[in-house]
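Tertiary structure, described
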Amino acid sequence: MKRSAIVIFIFFSVFLGCTNSGKNNAFDLEEEDILNLEGMKTYFPELLTPRRLNIVGDYLIVSERSRLSPGLPLIHVIKRDPLEYKFPKGVTGLGPLEITDATLIEPGFSDSTFIVYSAMAKKFTDFSLSDSSRLGISEYKQQEGLFGMYRMFHATDTTVIGIMTNDPNRLVEFSTKDGSRIAGYGNWEEIPDTGHLIDYTDPDISYHLGEINKGGLKANRKLGLFVKANNYRDRIEIFHYDSKTFDIVNGPRMEVPDFKIKYSGSKSAVIFDRDYPYGYGDVSIGEKYIFALYGGVTDKQIRETNEIAKIIYVITHSGEVVG
């Protein structure tokens, strides 16, 4: 691929206090609760095809898409304040302390490390923030019991919580030592007004409900929060690890998008109406608030405008929409 320049838009905002009380699942916000954000353009020629932007302490960890030339780094470390490119990380390969991809990134168990999960290699690798060596400093393989989990973050140093491809629970906790299942949290509820579309006696019902409620998972281990932002249905699911409870935020659209279940032999898939706008794209978990990136645009609109999302909803850890 020809080397190209890329621009990252990094939004820094300070949320001002609000007086809303009670859960505002109708997203009925007052004018003073709506802030206009301004972006700062920063040019880093080292970034080629960035995939995700992650916050780890005082640093931004940018992961690249895996389709790069083998000699190019898969991760970049950027100082947050002042904004400064520090060094690359990640040697592509299957050897010791090398990575095949950087699917998920989270803070390490010390202030000077971060953890990379490589989905293709099925392993976790620790990297140092204290030096510029591109190799990891330690690693361990994902246990076989976790192979059905496609989004996961550490809850403790010996367990992970994540989303399974086919499971009756919203989130599942596994041991990283032996791959054993520790617990499942939150049962899927029936989808209202869609009885003609879903056969609740179907053995694949857990898979179908998981697809309808599919989304991206983020975690803040320090706060004990795991938050899923649903991509199709307008829903934020906030899991509190200490109490093992959920706060569910529905909206701004309350309906479930139209979908069909297609069968082909022994396989099935949930197919959404492509003219229905997407819901949430991502979340970030701060010390006081959850910041949820909302799309509300269709595939066609994205192709025409190249704009994926322009709205960030501000939600308390208990699920109150405040801005």
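All values derive from a computational prediction rather than experimental measurement.

1. Some remarks on helix H1 (residues 205–212)
- Across the 8 residues that make up H1, a large majority, 7, are buried.
- Regarding H1, the residues found buried are Ile205, Ser206, His208, Leu209, Gly210, Glu211 and Ile212.
- Contact partners of the buried residues in H1: strand E19 (259–264) and strand E20 (267–272).

2. Regarding the sheet that holds strand E16 (residues 225–230)
- A sheet is described by the order of its strands in space; here 4 strands give the open sequence E15-E16-E17-E18, paired in antiparallel fashion. Pairing within the sheet leaves two strands with one partner each, and these edge strands are strand E15 (215–220) and strand E18 (245–250). Geometrically, the sheet is characterised by an average inter-axis angle of 15° between neighbouring strands, direction not taken into account.
- Across 5 bridges, the pairing between E16 and strand E17 (residues 235–240) is antiparallel. If you follow Ala229 over to E17, its bridge partner there is Ile236.

3. Quick notes on the pairing of strand E21 (residues 280–285)
- Pairing geometry for E21 and strand E22 (residues 289–294), over 5 bridges, is antiparallel. Residue pairing across strands places Tyr280 opposite Tyr294, the latter belonging to E22.
- Counting the residues between successive antiparallel strands, the hairpin from E21 to E22 contains 3 residues.

4. Let's talk about the confidence of the model for the chain
- Looking at the chain as a whole, its pLDDT mean stands at 89, while 91% of the residues score no less than 70.
- The model gives residues 1–25 a pLDDT under 50, and that stretch makes 61 contacts with residues more than four places away or in other chains.

5. Observations concerning the side chain of Asn169
- In this structure, Asn169 sits in strand E13 (residues 169–175).
- Within the structure, the side chain of Asn169 is placed 3.5 Å from the backbone oxygen of Gly186, a separation counted as a polar contact.
- What Asn169 contacts, discounting residues up to four positions off in sequence, is Arg181, Gly184, Tyr185, Gly186, Asn187 and Trp188.

6. Topic: the nonpolar core
- The biggest cluster of nonpolar side chains holds 21 residues, and the ones touching the most others in it are Ile161 and Phe226.
- The set of elements that each furnish at least two residues to this core consists of strand E8 (113–118), strand E11 (149–156), strand E12 (159–164) and E13.
- Core analysis: the next-biggest nonpolar cluster, separate from the first, contains 17 residues, Phe27, Ile236, Ile238 and Val283 among them.

7. Thoughts on a negative patch on the surface
- On the surface, Asp28, Glu30, Glu31 and Glu32 cluster together into a negatively charged patch.
- For Glu30, a relative accessible area of 46% gives the class partly exposed.

8. Description of a nonpolar patch on the surface
- Where nonpolar side chains cluster on the molecular surface, the patch consists of Leu35, Leu37, Leu293 and Ile312 and spans about 280 Å² of accessible area.
- With respect to the helices and strands, the residue Leu37 is situated in the loop between strand E1 (7–10) and strand E2 (40–43).
- Leu37 sits in the partly exposed class, given a relative accessible area of 38%.

9. Examining the sheet that holds E11
- In space, the 4 strands of this open sheet follow the order E11-E12-E13-E14, with antiparallel pairing throughout. Unpaired on one side and paired on the other, E11 and strand E14 (181–187) mark the two borders of the sheet. For this sheet, the mean angle separating the axes of adjacent strands, direction not counted, is 25°.

10. Looking at the packing of aromatic side chains
- The final tally for this structure, using the stated rule, is 15 aromatic pairs.
- Judged by centre distance (6.4 Å) and plane angle (55°), the ring pair of Phe226 and Phe239 falls under tilted. You can see Phe226 sitting in strand E16 and its partner Phe239 sitting in strand E17, a full 13 residues away along the chain.
- We classify Phe226 as buried; its relative accessible area is 1%.
- Ring centres of Tyr280 and Tyr294 lie 5.0 Å apart, and the angle between their planes is 70°; this geometry places the pair in the edge-to-face category. With Tyr280 in strand E21 and Tyr294 in strand E22, the pair connects residues that are 14 residues apart, well separated along the chain. Residues Tyr280 and Tyr294 agree in their burial class; the two are buried.
- Pairwise contacts between aromatic rings join Tyr185, Phe226, Phe239, Tyr241 and Phe246 into one cluster.
- Positioned above the aromatic ring of Tyr150 is the side chain of Lys214, whose terminal nitrogen or guanidinium carbon lies 5.9 Å from the ring centre.
- Seen from the ring of Tyr241, Lys244 lies directly overhead, with NZ or CZ sitting 4.0 Å from the centre.

11. Some points on the pattern of salt bridges
- What the rule picks out here adds up to 15 salt bridges.
- The residue Arg233 makes a salt bridge to Glu189 at a minimum N-O spacing of 3.8 Å. Of this pair, Arg233 sits in the loop between E16 and E17 while Glu189 sits in the loop between E14 and H1; the two residues are 44 residues apart in sequence, bridging distant segments of the chain.
- For Glu189, a relative accessible area of 27% corresponds to the partly exposed category.
- When the shortest N-O distance is used, the salt bridge between Lys214 and Glu211 registers 4.0 Å.

The rules behind each value
- Residues numbered from 1 in each chain as written.
- Predicted model: local features only at pLDDT ≥ 70, side-chain atom pairs only at ≥ 80, totals over all residues.
- Heavy atoms only, no water.
- Buried < 20%, exposed > 50% of the residue type's maximum accessible area, 1.4 Å probe, protein only.
- Helix = DSSP H or I, 4+ residues; strand = E, 2+ residues; numbered from the N terminus.
- Contact = heavy atoms within 4.5 Å.
- Pairing = 2+ DSSP bridges.
- Axes fitted to C-alpha atoms, helices over the stretch in contact; angles between N-to-C directions.
- pLDDT = per-residue confidence, 0-100.
- Polar contact = N/O pair within 3.5 Å; in protein donor to acceptor, adjacent residues only side chain to side chain.
- Core = buried A, V, L, I, M, F, W, Y, C linked by side-chain atoms within 4.5 Å.
- Patch = residues over 30% accessible without salt bridge, like charges linked within 9 Å, V, L, I, M, F, W, Y side chains within 5 Å.
- Areas by Shrake-Rupley, 256 points an atom, 1.4 Å probe, with all protein chains shown as cover.
- Salt bridge = Lys/Arg side-chain N within 4 Å of Asp/Glu carboxyl O.
- Lys, Arg positive; Asp, Glu negative; His and termini not counted.
- Charge placed at Lys NZ, Arg CZ, Asp CG, Glu CD.
- Phe/Tyr/Trp six-rings, centres within 6.5 Å; stacked < 30°, edge-to-face > 60°.
- Lys NZ or Arg CZ within 6 Å of the ring centre and 35° of its normal.

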